[in-house]
Amino acid sequence: MAAPVSAIPSSSPNKGSSRVVERRWADYHPSIWGDYFLAYASPTNSVELKYVGRVEEQIEGLKGEVRKMLTDVVNKPSQVLHLIDQIQRLGIFYHFKREIDEQLEQIHKSYSRLVYRDFKGDHLHMIALIFRLLRQQGYNVSSDCIFFPHIGFGCTEVFNKFKDGEGNFRESLITDVQGLLSLYEACHLRCHGDSILEEALLFAITHLESLNESKVSTSLAKQVKHALRQPLHKGLPRLEARRYVPLYQEEPSHDQVLLALAKLDFNLLQEQHQKELGNITRWWKDIDVARKFPFARDRIVELFFWISGAYFEPEFAVARDILTKVIALTSILDDMYDVYGTLEELVILTEAIEKWDVDAMDGLPEYMQAWYKVLLDVYDAVGNEVATKERSYRLTYAKEAMKKQARVYFHEAKWFHTNYTPTLEEYMPLALLTTGYEMLAITSLVGMGDVVTKHAFEWLLGDCKILKASQIICRLMDDIASHQFEQKRGHVASSVELFMKEHDVSEQETEKELRKRVVDAWKDINEAFLRPTAVPMPILMRILNLSRVIHVLYSDGDNYTHSGALLKDHVTSLFISPLPVSHLSRGAQEGTRQDYGGK
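Residue indices begin from 1 for each chain and proceed along its sequence in written order. Reporting in this predicted model follows two pLDDT cut-offs: at least 70 for local features of residues, and 80 or more for side-chain atom pairs to be given and counted; totals over whole chains, interfaces and linings ignore these cut-offs and use all residues. Excluding hydrogens and water, the side-chain values take into account all heavy atoms of the structure.

Asker: A description of the environment of Glu198 should follow, citing residues and the corresponding values.
Answerer: Considering the arrangement of structural elements, one finds Glu198 in helix α7 (residues 195-209). Distance from Glu198 to Cys187, taken between C-alpha atoms, is 7.3 Å for residues 11 residues apart in sequence. When near neighbours in sequence (up to four residues on either side) are disregarded, Glu198 contacts Arg190 and Lys523. The term polar contact refers here to a pair of N or O atoms within 3.5 Å; inside protein, the definition further demands a hydrogen-donor-capable atom paired with an acceptor-capable atom, and it admits residues adjacent in sequence only when both atoms are side-chain atoms. Within the structure, Glu198 has its side chain in polar contact with the side chain of Arg190 (distance 3.1 Å). Numbering of helices and strands runs from the N terminus; a helix is a DSSP stretch of H or I covering at least four residues, while a strand is a stretch of E covering at least two. Note on definitions: a residue-residue contact is assigned when non-hydrogen atoms from the two residues lie within 4.5 Å.

Asker: Can you break down the nonpolar core residue by residue, with the values?
Answerer: Throughout, nonpolar core names a set of buried Ala, Val, Leu, Ile, Met, Phe, Trp, Tyr and Cys residues whose side chains join them through atoms within 4.5 Å. The classification of residues rests on relative accessible area computed with a 1.4 Å probe and restricted to protein chains. Under 20% of the type maximum is buried, over 50% is exposed, and intermediate values are partly exposed. Grouped together as the largest cluster of nonpolar side chains are 200 residues, with contacts concentrated most on Trp306 and Trp371. At 15 residues, the largest contribution of residues to this core is made by helix α10 (residues 256-287). Aside from chain neighbours lying at most four places away, what touches Trp306 is Ile327, Tyr437, Leu546, Val549, Ile550, Leu553, Tyr554 and Tyr560.

Asker: I'd like a rundown of α7, residues and numbers included.
Answerer: Take the residue count of a helix, subtract one, and multiply by 1.5 Å to get its expected span. Helix length check: α7 (15 residues) gives 22 Å between terminal C-alpha atoms against 21 Å at 1.5 Å per residue, within 8%. Considered for burial, the residues of α7 that qualify are Ile196, Leu197, Ala200, Leu201, Phe203, Ala204, His207 and Leu208. Its buried side turned inward, α7 meets α5 (124-136), α6 (177-187) and α8 (218-229).

Asker: Outline the packing of aromatic side chains, listing residues and values.
Answerer: Aromatic rings in a pair are described by how distant their centres are and how their planes are angled relative to each other. In summary, the pairing rule links any two rings of Phe, Tyr or Trp, Trp by its six-membered ring, whose centres are within 6.5 Å, and it sorts them by plane angle into stacked for under 30 degrees, edge-to-face for over 60 and tilted for everything else. For the structure shown, the criterion picks out 26 aromatic pairs. With a centroid separation of 6.0 Å and an interplanar angle of 35 degrees, the aromatic rings of Phe37 and Tyr40 are classed as tilted. The side chain of Arg89 reaches across the aromatic face of Tyr244, ending 5.7 Å from its centre. We call a charge positioned over a ring when the NZ of a Lys or the CZ of an Arg lies within 6 Å of the ring centre and within 35 degrees of the ring normal. Lying over the aromatic face of Tyr139, Arg531 brings its terminal NZ or CZ to 4.2 Å of the ring centre.

Asker: A description of unusual backbone geometry should follow, citing residues and the corresponding values.
Answerer: Omega for the bond connecting Arg531 with Pro532 falls within 30 degrees of zero, at -5 degrees, which places this linkage in the cis form. Along the chain, the position of Pro532 falls in the loop between α22 (507-528) and α23 (537-554). The backbone of Asp288 shows a phi angle near 65 degrees, a positive value even though the residue is not glycine. With respect to the helices and strands, the residue Asp288 is situated in the loop between α10 and α11 (289-292). Notably, Glu390 is not glycine yet its phi reads approximately 55 degrees, a positive angle. Looking at where Glu390 falls in the secondary structure, it is placed in the loop between α15 (366-387) and α16 (393-417). Note on Glu390: relative accessible area 74%, which makes it exposed.

Asker: Describe the pattern of salt bridges, naming the residues involved and giving the relevant values.
Answerer: Should a side-chain nitrogen of Lys or Arg be within 4 Å of a carboxyl oxygen of Asp or Glu, the pair is scored as a salt bridge. Per the counting criterion, the structure on display carries 31 salt bridges. Between Asp85 and Arg89 there is a salt bridge, with its nearest N and O atoms 3.1 Å apart. With Asp85 and Arg89 both in helix α2 (residues 77-89) and four residues apart, this pair spans about one turn of that helix. On the basis of relative accessible area, Asp85 is assigned to the buried category, the value being 6%. Residue Asp524 pairs with Lys465 through a salt bridge whose shortest N-O separation is 3.8 Å. One end of the pair, Asp524, is in helix α22; the other, Lys465, is in helix α20 (residues 465-489), and 59 residues separate them in sequence. Among the ionic contacts, a cluster of salt bridges with common partners joins Arg67, Arg98, Glu99 and Glu102.

Encoded structure:
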């Protein structure tokens, strides 16, 4: 059923007018969370501080033990790789960045020897693992051949060594489920030209999908099933850790120290995120979104999930607060331009945002005035935050990004209101900008530390290949997931409709082609991480993580707009349900909240 277009009395830009304005109404479902997270916004009490102190002390002790574990296996490459893989999957890698960097640097120096000699034969799992971990770290290791001219060999094969005489992957690999799974995960780090990995991915998918679960452990079967839906490289690290910890616990060989650290650390960080989300919810409630902007998607909890996907670590609390508020205001703005605002109103709103002055508020209709005031207040607060650290230049970039966002939203709205259908060539440059991902990438840097410089902002605004790739992923996955819903309510044609029309092909064929473009964009992202990088890794990680959010939310429909199923489960996993710690040793349980009668 089409979303209703209703005639509703509304204040026009000139106050006092009582004419009836025709407005579209998308009929979005209301917030499924309401005031649930407000409870976490209450002040911290002394009992809670005592609890946090105990847990932090426990975590520090466990971190020391893990550092010793890393030191103990320094000369044992296979054990180093396995340990790093577990640390990353369990979501505790951010505590050991320096140690992991150092270990993988040494592994990289020995890559040729390890692949040629140490991991020879049928070590598919280890060769795929070393390849994936080094590629993740930015090392441009080969997927095809490694040359040894100094010892008389032309090259040693990497993944080609697993093929038979006819150039096909060996049938004997089919029973190596762990190896196939590692190969599958490694293939998602492929770049342009990694043709062997294209073949390997198809081979791995084919045989993992036909897995006989009765012939492998329950834990491995679950990992395979999940990986086929959600590859590790395209998943959100914290969400993947929440899923992996119970599976790791099922493994007989699991390490108690790693498991205890993963659980305690996850729960402690969850409580920090709950407080942040509580404060954000209070801010949202004070704005009175449900009453003042009833036409907009009420999704503040979901947007916090989005931004915690960009950076979850404790030190990014300020950055999360800034970016969540900005994306929340942008979501309302998007619905003004896309759904509710008249063209006349949108003209003066765009002009007001361009002026960025409180006096520009007077000419706006009441609902736009309310939004505009919050906009100025949020950016004023951001300005105060960055001014204390001599980073005021960052606010200028953030404001300009928001102005640009309004301009491109208006351009698209004008297409709709004038019944103009662009060509796909016209549509894409504008549609990449209307994703908001340039604005989000720029604003994501505002609350970060000294690793961000003016160069980083200028780099983003230049011919930034990784940013364009992220925008392509966002635009095409969004269009594929939401174009039918948007066409029903009235919206400018998307890439799906335009491609179908221009190439005279079916919707199914169109989606297949657009998904190929998404795959190529992921290769561009992977290439941007290969050393030497244009900017420091933490900056690249923001763009990678924003792309991961899109993959998680839009792989199977628009789970942001329609947030009551998959996204509800994700929010529950990360911000409501702690990991159970009852199985841990007595020492690992000493700091649990139950000891202090907390929530």
